[in-house]
Amino acid sequence: MPLVSMTTLLERAYAGGYGVGYFEAWDSYSLEAVVEAAEAEHSPVIIGFGCMMVSSTWLDNNGVGILGALGRQAAERATVPTAFLLNETHTFEQAEHGIGDGFNTVMMDTSAWDWDRSIEAVKRLVTIAHAAGATVEAELGRLPDAVADGIDDSTAFLTDPDQAAEFVRLTGVDFLAVSIGNVHLLTNGYAPVDMDHLEHIHQRVSIPLVIHGGTSFPPSAVPRAIANNAVKFNVGTILKKSFWEGINEAILNAPAPVNVHDTLGSHKEADVLNAGKARMKAKVQELMRLYGSSGRAE
Ligand code: 13P
């Protein structure tokens, strides 16, 4: 199954009444967890890597190239429709490199940029991406960051529906991430999302909408999100947490003396990283069922 454009993936999802997860990976084990979960569920999937938590220096020092090569290979060999995203780059240049390095969708973190700078940069990126057969996601509004600032982060603001329509018109962006009360990095409970607000945005914007902060997005709000074309759910924190729990348990249970070759990176039974991967894969499968994408690989 070739790499599929995220536009195709999300248009099919909206027409079919289900959502597609972007399950953020950070290395080969976590990436394999996502692809294997999608194949087990027979689900379309968005694989990829996030930049927000990763050293910008490392990304600039060919980190984007390494991640691009890894994910592109995985996407092209997957047996289910797969799009490949470079999420929330620190800079314009990282996103631009991402396009050249094999990602078929890129997104810059413009949450701290002013309106004019965002419009100019997103529009320029869209031109470059479309010429290369790739697509661009952008965010308008700003999510609270549960770790750095708490849920009531005063720098957060909801996406304004009229501004969103203007932003899409001026930039030509393909997908728009929205702030409707959703929260990044929250692992304790669910975010206080305003689904009426999402509906107002949907009335003004016809491109697919994206929900960041998938870890704390209330499961009960998923069907209404999908009905309003918010068909892409970004999930990060809960996956790392699951992976960590798997590793931690495996390390605690490892028989002494430890054979470091078997325990680290062997891809054998005793590999603690495999234990993390298995735990993450189970979580991804659970979320695919929640979003309704299981069994929808076409
Ligand atoms: P969570 O870590 O809160 O799931 O959010 C992930 C995200 O939005 C990545 O773009």
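The rules behind the values
- Residues numbered from 1 in each chain as written.
- Predicted model: local features only at pLDDT ≥ 70, side-chain atom pairs only at ≥ 80, totals over all residues.
- Heavy atoms only, no water.
- Helix = DSSP H or I, 4+ residues; strand = E, 2+ residues; numbered from the N terminus.
- Buried < 20%, exposed > 50% of the residue type's maximum accessible area, 1.4 Å probe, protein only.
- Polar contact = N/O pair within 3.5 Å; in protein donor to acceptor, adjacent residues only side chain to side chain.
- Salt bridge = Lys/Arg side-chain N within 4 Å of Asp/Glu carboxyl O.
- Near = heavy atom within 4 Å.
- Areas by Shrake-Rupley, 256 points an atom, 1.4 Å probe, with all protein chains shown as cover.
- 1 Å grid on protein atoms, 1.4 Å probe; cavity = no way out; pocket = protein on both sides within 12 Å on 5 of 7 lines; lining within 4 Å.
- Points joined across faces, edges and corners; volume = space filled by probe spheres on them.
- Pairing = 2+ DSSP bridges.
- Contact = heavy atoms within 4.5 Å.

**Quick word on the environment of His90**
- Among the structural elements, His90 can be located in the loop between strand S3 (82–89) and helix H4 (92–100).
- A relative accessible area of 31% means that His90 is categorised as partly exposed.
- Once the C-alpha coordinates of His90 and Glu41 are considered, the two residues, 49 residues apart in sequence, prove to be 33 Å apart.
- Polar contacts involving the side chain of His90 include one to the main-chain carbonyl oxygen of Cys51, which spans 2.8 Å.
- Polar contacts involving the side chain of His90 include one to the main-chain carbonyl oxygen of Val54, which spans 3.0 Å.

**So, the pattern of salt bridges**
- Enumeration over the complete set of coordinates arrives at 14 salt bridges.
- Residue Glu120 is joined to Arg124 by a salt bridge in which the shortest nitrogen-to-oxygen separation is 2.8 Å. Highlighted residues: Glu120 and Arg124, both in helix H5 (residues 115–131), separated by four residues, approximately one helical turn.
- Glu120 sits in the partly exposed class, given a relative accessible area of 41%.
- According to the relative accessible area criterion, Arg124 is partly exposed, its value standing at 41%.
- Put simply, Glu249 and Arg279 hold a salt bridge, and the shortest N to O gap is 2.8 Å.

**Points about the site of the ligand**
- The full set close to the ligand counts 13 residues, and Asn87, Leu185, Gly213, Thr215 and Thr237 are the nearest of them.
- Here an oxygen atom of the ligand and a side-chain polar atom of His212 are 3.0 Å apart.
- One of the backbone N or O atoms of Gly236 is found 2.9 Å from an oxygen atom in the ligand.
- In isolation the ligand offers 310 Å² of accessible surface; the protein chains occlude 97% of this area.

**Concerning empty space enclosed by the protein**
- Applying the stated rule across the entire model yields one cavity of 30 Å³ or more.
- If you trace the largest cavity, you find it lined by Leu9, Arg12, Tyr18, Pro44, Pro81, Arg296, Ala297 and Glu298.

**Description of the pairing of strand S1 (residues 20–25)**
- Burial of S1 is extensive: six of the six residues sit out of reach of the surface.
- Because side chains alternate across S1, one face comprises the buried residues Val20, Tyr22 and Glu24, and the other comprises Gly21, Phe23 and Ala25, equally buried.
- Summarising the sheet, S1 and strand S8 (residues 230–235) pair through four bridges and their orientation is parallel. Along S8, the bridge assignment pairs Val20 with Lys232.
- Sheet topology note: the S1/strand S2 (residues 45–50) ladder contains four bridges and is parallel.

**What about the side chain of His197?**
- Within the secondary structure, His197 is located in helix H7 (residues 195–204).
- A distance of 2.5 Å separates a polar atom in the side chain of His197 from the backbone oxygen of Thr159.
- Every residue in contact with His197, bar those within four places of it in the chain, is listed here: Leu158, Thr159, Pro161, Ser179 and Ile180.

**Some words on unusual backbone geometry**
- Following Ala256, the chain continues to Pro257 via a peptide bond in cis, the omega torsion being -10 degrees.
- The topology assignment puts Pro257 in the loop between helix H9 (237–253) and helix H10 (260–263).
- Here the phi dihedral of His42 falls at roughly 55 degrees; this positive angle occurs in a residue that is not glycine.
- Along the chain, His42 turns up in the loop between helix H2 (28–41) and S2.
- Since its relative accessible area comes to 41%, His42 is described here as partly exposed.
- Of note in the backbone geometry, Asn229 takes a positive phi value of approximately 70 degrees without being a glycine.
- Position of Asn229 relative to the elements: it lies in the loop between helix H8 (222–227) and S8.

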